[in-house]
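An overview of the molecular structure
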Amino acid sequence: MRGELHRKLVEESSDIATIIDSDGVITYVSSAVQRTLGYEPEELIGENGYEYQHPDDRAAVAAAIEKLQVNPDGTETIETRFRHADGSWRWIEATMQNRFDDEDISGILLNSRDISDRKRQENQYQALASEYKTLLETVEDGIFFVTVEPGETGYTFRFERVNDAYERQTGITTEEMRGQTPTEVFGEELGTELEANYHRCVTAREPITYQEELPVSTGARFWQTNLAPVVTDGTVTQIIGITRNVTERVRQERQLRSQKEQLDEFASVVSHDLRNPLNVAQTRTALLDEACNSEHLEPLVRALDRMEELVSDTLTLARQGQVVSEPEPVALTGLLGSCWETISADEATIEIEDEITVDGDRSRLQHVFENLFRNAVEHGGEDVTVRVGRSDDHGIYVEDTGPGIPAESREKVLEPGHSSTTDGTGFGLTIVRRIAEAHGWEIEIVEGTDGGARFEFTGVDPR
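The present account deals with the structure reproduced in this document. None of these values were measured; they are calculated from a predicted model. For every chain, the first residue of the written sequence is number 1, and numbering continues from 1 along that sequence. Totals for whole chains, interfaces and linings use every residue, but because this is a predicted model, local features are given only for residues with pLDDT of at least 70 and side-chain atom pairs only at 80 or more, for both listing and counting. Side-chain metrics in this entry use all non-hydrogen atoms of the structure; hydrogen atoms and water are not considered.

**Thoughts on the sheet that holds strand β3 (residues 75-83)**
Strand order in the open sheet made by the five strands is β2-β1-β5-β4-β3, with antiparallel pairing throughout. The open sheet has two free edges, formed respectively by β2 (26-29) and β3, since each of these has just one partner strand. Strand-to-strand twist of the sheet, defined as the mean angle between neighbouring strand axes without regard to direction, takes the value 30°. Judged from the nine bridges that link them, β3 and strand β4 (residues 89-97) form a sheet pairing that is antiparallel. Among the inter-strand pairings, R81 is bridged to a residue of β4, identified as W91. Packed onto the sheet, helix α4 (residues 58-70) meets β1 (16-20), β3, β4 and β5 (108-114) and runs at close to 155° relative to β3. Only when DSSP finds a minimum of two bridges between them are two strands counted as paired. Only runs of H or I of at least four residues qualify as helices and only runs of E of at least two qualify as strands under DSSP, and these elements are numbered from the N terminus. Working convention: axes come from line fits to C-alpha atoms, limited for helices to the stretch in contact. Angles between N-to-C directions cover 0 to 180 degrees. Contacts are assigned to residue pairs that have any heavy atoms within 4.5 Å of one another.

Given below as structure tokens:
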């Protein structure tokens, strides 16, 4: 009676009950095998179970059976792959007992269940963990993890761990930070500032980005940081931070800001302290010319006019190199026409090859084309032809039919003070380059279609 009850329970169980002898031959298998592995029980009885197991798992199963023989009253649990009737492999977890208490059947009992889904999830988790580990080890940005502990008076933040990049960039290791609060790691003042940002992230319950000043022993000082909250059951339990060392960028920005302030001061001096007395000298010279006739007046007038050109170009150079922060669409056809009207060369010709609109500062672009047109007339003669058009999808060009610029001089002519004429200031093409750079463009001088000078601007993205 007891054996019949036992067998009935086995047959109705969703787990597979299998009995094998010491050689691994199947002497009994419950009907659950059909639902799980697709076999009728009669197909497996008399078969050697090892033949249905994955070759890589057979040694582990044999070792488990040997342990049962040494310890008859013990149990062994193994995970093995068993071949399904359709040829695929299914993961099976089997608990093995050395004795089966039944009056008709004896041997080693295996109580098995399908764990394929669980193993699949484990493999996915392992793959994700491997990717996650690789990310933490190879990413250049510092990554840190902070535990959020709610309390009666607020939150307590404790560092969990940091990645290798964080350790390299800050000189602080996971061991030094684990379980510590920001104030314990960075001191009261800096730690309080860090906690304020962590509080802000928890309150917002969404990622926040900010720049912070956090000096460390490695010399890094300024960081661009992004915080992302991890919400579990409606509560922020963790903060994941990604931070990038931007110390060098901030220093460069500050240096550029200082240079800009110096240029502004210089432009102010040029505009007022030099221009005002120059205007007085020009006015007095004109009055002197009316009052008397002297051979010294003409050279004096030329010298004063030359000084005015230098002051004007210097002022333009100081002010026009600043970055164009709010560009607007500028139709070049109308602008080029206005610039060409300033050229005093009746025989010169301009050819506009394409209808082009660019994003930029109209007044500054006017300086560019006026200087290039004057340069073409000065070097190519009053009958020169100037062409303007699109060079490709990202650029425009200005070229002339003059003598051109030798290859070894093309970089020099863009430098301040370089002039090939005796009455030039040497700032004209430098102004062109500075204004182009202020627009985010690059300029290159090459040989034109007819051998003249060709100025190519890239990064323009003309419409």
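**Remarks on a negative patch on the surface**
Grouping into patches uses exposed residues only, defined as over 30% relative accessible area, and leaves out salt-bridged ones; the cut-off is 9 Å for like charges and 5 Å for nonpolar side chains (Val, Leu, Ile, Met, Phe, Trp, Tyr). In these tables, accessible area is a Shrake-Rupley quantity obtained with a 1.4 Å probe, and a residue counts as shielded only by the protein chains included in the view. A pairing counts as a salt bridge when a side-chain nitrogen of Lys or Arg comes within 4 Å of a carboxyl oxygen of Asp or Glu. For this count, His and the chain ends are skipped, Lys and Arg are scored as positive, and Asp and Glu as negative. Charge placement uses NZ in Lys and CZ in Arg. For Asp and Glu, CG and CD serve respectively. Where like charges cluster on the molecular surface, the negative patch consists of D346, E347, E382 and D383. Residue placement: D383 occurs in the loop between α13 (362-380) and β14 (385-392).

**What about the environment of M307?**
Relative to the helices and strands, M307 is located in helix α11 (residues 297-320). Sequence separation between M307 and L274 is 33 residues, and the spatial gap between their C-alpha atoms is 9.7 Å.

**A word on helix α12 (residues 332-340)**
Accessible area is worked out with a 1.4 Å probe on protein chains only. A residue is then buried under 20% of its type maximum, exposed over 50%, and partly exposed in between. Buried residues of α12: L332, L335, L336, C339 and W340, and no others. For α12, the arc enclosing every buried residue in end-on projection is 135°, short of the 170-degree limit, so these residues lie on one face. Considering only its buried residues, α12 is in contact with β11 (328-331), β12 (349-352), β13 (357-360), α13, β14 and β15 (395-400). It is the directions from the helix axis to the C-beta atoms that the arc portrays.

**Observations regarding the packing of α13 against helix α14 (residues 428-438)**
Remark: α13 packs on α14, axes separated minimally by 9 Å, with the N-to-C direction vectors making an angle of 145°. Crossing hand, α13 versus α14: left-handed. Within the contact between the two elements, α13 uses R364, H367, V368, N371, L372 and N375 and α14 uses G428, L429, I431, V432, I435 and A438. Amino acid classes used here: Ala, Val, Leu, Ile, Met, Phe, Trp, Tyr, Cys and Pro are nonpolar; Asp, Glu, Lys and Arg are charged; the rest, including Gly, are polar. Partitioned by chemical class, the residues of the contact of α13 with α14 number seven nonpolar, four polar and one charged. Handedness of each helix crossing follows the sense of rotation of the near helix against the far helix: counterclockwise by less than a right angle gives left-handed, clockwise gives right-handed.

**Let's talk about the sheet that holds strand β7 (residues 154-162)**
Pairing is antiparallel in the open sheet, where five strands are placed in the order β7-β6-β10-β9-β8. Each edge of the open sheet carries a strand with a single partner, namely β7 and β8 (208-213). In this sheet, adjacent strand axes meet at a mean angle of 30° when their direction is disregarded. Alignment of strand β6 (residues 142-151) against strand β10 (residues 235-245), held across six bridges, turns out to be antiparallel. The residue bridging V146 from the neighbouring strand is I239, located in β10.

**Remarks on the pairing of β4**
Both faces of the sheet carry side chains from a regular strand, because those side chains alternate between them. Following β3, the chain reverses through five residues before pairing antiparallel with β4; G87 in that reversal takes a positive phi of roughly 95°. Here β4 runs beside β5; their pairing, made up of six bridges, is antiparallel. What sits directly across from M96, in β5, is L110.

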